[in-house]
Amino acid sequence: MEYNLADLFESVVDAVPGREALVYLDHPGTGARTALTYGELDAAANRIAHHLLAAGVSPGEHVGLYLYNGVEYLQSALAAIKIRAVPVNINYRYVEDELIYLFRDADLTAVVFEGEFTPRVAAAQPRSPKLRHLVRVGEAPEGSPEPAIPPVRFADAEAGGSPERGFGPRSADDQFIIYTGGTTGMPKGVMWRQEDLFFSGLGGGAPTGEPVKRPEELAERVAAGGEGLVFFPTPPLMHGTATLTSFISFNFGQKLVIHRKYAPEAVLRTIAEERVTSVSLVGDAMMRPLLDALDGPMRGSDLSSLFSVSSSGAILSETLRDRFRALAPNCMLLDNFGSSESGFNGTATADSGPGRFRIEVNERTLVVDPATHAPVAPGEIGRVAQRGHVPLGYYNDPGKTAETFFERDGLRCVLLGDMATIDEQGIVTVLGRGSQCINTGGEKVYPEEVEHVLKAHPDVYDVLVAGVPDERWGNRVAAVVQPRAGVDTLTAEAIEAHCRGRLAGYKIPRTVVFTDHVQRSPSGKADYRWAKQVASGG
């Protein structure tokens with residue numbers, strides 16, 4: 001047995017086959033609840049795995065998951081890794097051109113997709129030369145065009161596949177690809193060896209404890225331990241945070257709860273009804289509406305089972321961290337730092353604040369000079385890097401791989417996009433994404449620092465900051481601001497006054513544009529391309 005995600009999952013299944021593994025709530029509060037034990041989830045995944053094998057999907061080929069959250073998503077992901085195929089997440093917000101790009105870039109052989117996405121799949125399929133098999137979950141919209149390749153109904157694929165295993169041996173070198181859109185540019189696929197992902201992204205079977213020392217130890221720990229932990233990833237499963245949380249839950253042999261889509265009031269009801277112990281989300285965009293519900297229509301919600309709420313993929317503002325602690329004083333808040341390229345790097349310190357996101361990093365995290373890759377001295381600015389269990393590179397992009405991955409002291413390393421400093425105690429202060437840094441008159445401004453200050457204004461609901469062209473300064477700082485509901489008196493002058501005393505003068509937004517809605521990804525990540533376009537008047 002190796003550190004292969006399918007082998008590890010099956011070992012847990014064999015240890016606790018009757019234990020509840022997955023609970024899916026399509027419309028929380030209506031009583032519609034689908035629950036599968038570990039044995040049932042394994043059999044369901046085996047059925048789809050055998051169907052994919054019969055359809056000619058071979059080891060190493062790529063299977064796209066173009067789905068909302070649901071049993072089918074995790075069932076298909078498990079099915080792919082069982083047959084040594086590579087699951088590929090697809091952002092369900094992508095429109096036709098983005099979808100065509102990803103289908104082609106990822107060299108998809110098969111796609112499992114949501115019925116309502118049939119028109120987009122029909123448009124993308126003819127321009128995706130390697131795509132030869134489609135499986136559709138649910139029905140297509142009435143009158144929509146059908147793909148040239150007739151889709152197989154998911155229910156039929158499931159019914160025709162054997163529930164037994166019967167698969168060949170697997171390897172720790174089998175791949176798992178996470179496509180990430182980031183904040184700019186087209187999506188890129190991060191290629192992980194499953195062993196590396198297990199240790200960097202899944203904590204080696206124990207994210208808060210001692211990693212396992214051999215693969216068999218994972219199931220031994222599950223068999224020796226009890227149940228009672230309930231993990232609830234609230235972002236879309238096509239986001240790395242949610243997928244990795246799901247596998248962490250499986251590695252613990254505990255219960256995983258998922259909703260079809262994020263709805264804050266439903267999340268709070270589910271926490272109470274399912275006795276959830278751990279919730280994961282992504283940044284302010286998901287935390288803010290959750291706190292609005294907890295402080296409004298869902299005031300008094302039962303959070304007695306909840307032990308921790310963790311955010312990753314986007315930094316939480318100080319204002320929301322303080323508000324969370326006031327509304328949920330008995331729950332631990334973890335503001336984690338990590339990425340699709342590095343897995344988990346560390347957790348914010350208690351004294352993190354606006355423009356001062358300080359993290360206690362693990363031993364694999366460094367701050368290095370981006371040119372020489374040598375560690376920077378305390379106080380100097382460099383880029384965050386990760387060493388050891390890191391990805392193989394970016395799929396179909398050797399140029400970007402060569403720019404981002406390097407070797408130092410015999411270890412493979414990845415250079416992340418975040419600029420940072422490190423102090424004498426090893427605490428890292430993250431300044432912001434280097435690609436988003438605004439150069440205004442020779443001064444560098446990191447958007448995240450300005451956003452944190454603006455989010456502390458009581459009338460600001462959400463904000464993105466970007467640089468826009470300026471004849472005198474080259475670029476100037478611009479803010480796209482979404483006021484709180486019911487607020488119609490917020491002005492650019494009020495924004496500037498709020499920033500005085502909190503930011504150096506050159507960091508204060510010179511352009512302020514108000515909007516009804518700040519555009520973000522489904523998981524809450526910033527869309528800086530959109531912000532720059534809006535701020536520029538485009």
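As shown above, the structure is provided for reference.
Residues numbered from 1 in each chain as written. Predicted model: local features only at pLDDT ≥ 70, side-chain atom pairs only at ≥ 80, totals over all residues. Heavy atoms only, no water.

J.: Just to check I follow, could you spell out the pairing of strand β8 (residues 175–180) for this structure?
T.: Working note: regular strand, side chains alternate between the two faces of the sheet. Counting buried residues in β8 gives five out of six residues, a clear majority hidden from the surface. Relative to strand β9 (residues 188–193), β8 is paired through six bridges, and the arrangement is antiparallel. Bridge pairing in β9 links I178 to V190. (Buried < 20%, exposed > 50% of the residue type's maximum accessible area, 1.4 Å probe, protein only. Helix = DSSP H or I, 4+ residues; strand = E, 2+ residues; numbered from the N terminus. Pairing = 2+ DSSP bridges.)

J.: Any chance you could explain the packing of helix α1 (residues 5–15) against helix α8 (residues 216–224) here in plain terms?
T.: Working note: a packed helix pair is described by the angle between its axes plus the distance between those axes. Between α1 and α8, whose axes approach to 9 Å, the crossing angle comes to 30 degrees. Taken as axis vectors, α1 and α8 run roughly parallel relative to one another. For the crossing formed where α1 meets α8, the hand is right-handed. Along its contact with α1, which presents L8, S11, V12 and A15, the element α8 presents L218, A219, V222 and A223. A breakdown of the residues in the contact of α1 with α8 according to their chemical character gives seven nonpolar, one polar and no charged. (Axes fitted to C-alpha atoms, helices over the stretch in contact; angles between N-to-C directions. Parallel < 35°, antiparallel > 145°, perpendicular 65-115°, else oblique. Left-handed = near helix turned anticlockwise from the far one by under 90°. Contact = heavy atoms within 4.5 Å. Nonpolar A, V, L, I, M, F, W, Y, C, P; charged D, E, K, R; others polar.)

J.: Got a minute to help me understand helix α15 (residues 492–499) in this structure?
T.: An α-helical turn contains 3.6 residues, so a residue and the one three or four places further along point in the same direction. For α15, every residue scored as buried is listed here: I495, H498 and C499. For α15, the angular spread of buried residues about the axis comes to 95 degrees, placing them on one side. Along α15, exposed side chains directed more than 90 degrees from the buried face belong to E493 and A497. For α15, the elements touching its buried residues are α14 (447–455), β25 (460–470) and β27 (511–514). G501 sits one or two residues past α15 and shows a positive phi near 90 degrees. (Arc of directions from axis to C-beta.)

J.: I keep staring at the pairing of strand β10 (residues 230–233) and nothing clicks. Help me out?
T.: Of the two faces of β10, the one holding V230 and F232 and the one holding F231 and P233 are both buried throughout. Across two bridges, β10 lies against strand β11 (residues 255–259) in parallel orientation. Looking across to β11, one finds that F231 is bridged to L256. Taken together, β10, helix α9 (residues 240–252) and β11 constitute a β-α-β crossover, and its handedness is right-handed. In terms of strand pairing, β10 meets strand β12 (residues 278–281) through three bridges, oriented parallel. In the sheet register, P233 faces β12, and the bridge partner there is S280. (Right-handed = clockwise from strand over helix to strand, strands pointing away.)

J.: Is there a simple way to think about empty space enclosed by the protein in this case?
T.: In this approach, a probe sized like a water molecule rolls over the atoms, and the result shows the empty space that is left. Under the counting rule described, the total for this entry stands at two cavities of 30 Å³ or more. Of the pockets and cavities examined, the largest cavity occupies roughly 90 Å³. Forming the boundary of the largest cavity are L65, Y73, A77, P87, V88, N89, F176, I177, I178, L237, G240 and T243. Among the secondary structure elements, those contributing two or more residues to the lining of the largest cavity are α3 (71–82), β4 (86–89), β8 and α9. Residue composition of the lining of the largest cavity, grouped by class: nine nonpolar, three polar and no charged. Ranked by residue count, the leading element in the lining of the second largest cavity is helix α11 (residues 283–294), at three residues. Looking at the lining of the second largest cavity, its residues break down into nine nonpolar, no polar and no charged. (1 Å grid on protein atoms, 1.4 Å probe; cavity = no way out; pocket = protein on both sides within 12 Å on 5 of 7 lines; lining within 4 Å. Points joined across faces, edges and corners; volume = space filled by probe spheres on them.)

J.: Mind showing me how you'd approach the pattern of salt bridges here?
T.: Here the idea is simple: oppositely charged side chains can pair when their charged atoms come close. In this structure the tally under the stated criterion is 40 salt bridges. Put simply, K255 and E20 hold a salt bridge, and the shortest N to O gap is 3.6 Å. A residue pair is termed long-range when its members are at least 10 positions apart, and K255 in strand β11 and E20 in strand β1 (residues 20–25) qualify at 235 residues. Using a relative accessible area of 14% as the deciding quantity, one classes K255 as buried. Looking at E20, the relative accessible area reads 26%, which means it is partly exposed. Here the salt bridges do not stand alone but share partners, grouping D7, E10, D14, D42, K82, R165 and R170 into one network. (Salt bridge = Lys/Arg side-chain N within 4 Å of Asp/Glu carboxyl O.)

J.: Quick question: what am I supposed to make of the layout of surface pockets here?
T.: By volume, the second largest pocket amounts to about 500 Å³. If you trace the second largest pocket, you find 24 residues lining it, with R93, Y262, A285, S521 and P522 closest to the centre. Listing elements by their share of the lining of the second largest pocket, those giving two or more residues are α11 and β25. No other element matches α11, which puts four residues into the lining of the second largest pocket. Tallied by class, the residues present in the lining of the second largest pocket amount to 11 nonpolar, seven polar and six charged.

J.: Would you mind showing me how to read the sheet that holds β25 here?
T.: Adjacent strands of a sheet form backbone hydrogen bonds with each other and so pair up, either parallel or antiparallel. Overall, mixed pairing links the three strands, which are arranged β25-β26-β27 in an open sheet. Two strands bound the open sheet, and with one partner strand each, they are β25 and β27. Each strand axis lies, on average, 25 degrees off the axis of its neighbour in the sheet, ignoring direction.

J.: Hey, could you run me through the nonpolar core in this one?
T.: Looking at soluble globular proteins, one finds that nonpolar side chains tend to be buried together. Membership of the largest hydrophobic core comes to 102 residues, with the highest contact counts inside it found for Y66 and F198. If one sorts the elements of this core by residue count, α3 sits on top with eight residues. Excluding residues that lie within four positions of it along the chain, Y66 makes contacts with I90, N91, Y92, Y94, L99, V111, V112, F113, E114, F117, R120 and V121. Counting 29 residues, the second largest nonpolar core, distinct from the first, contains L281, L291, L294 and A314. (Core = buried A, V, L, I, M, F, W, Y, C linked by side-chain atoms within 4.5 Å.)

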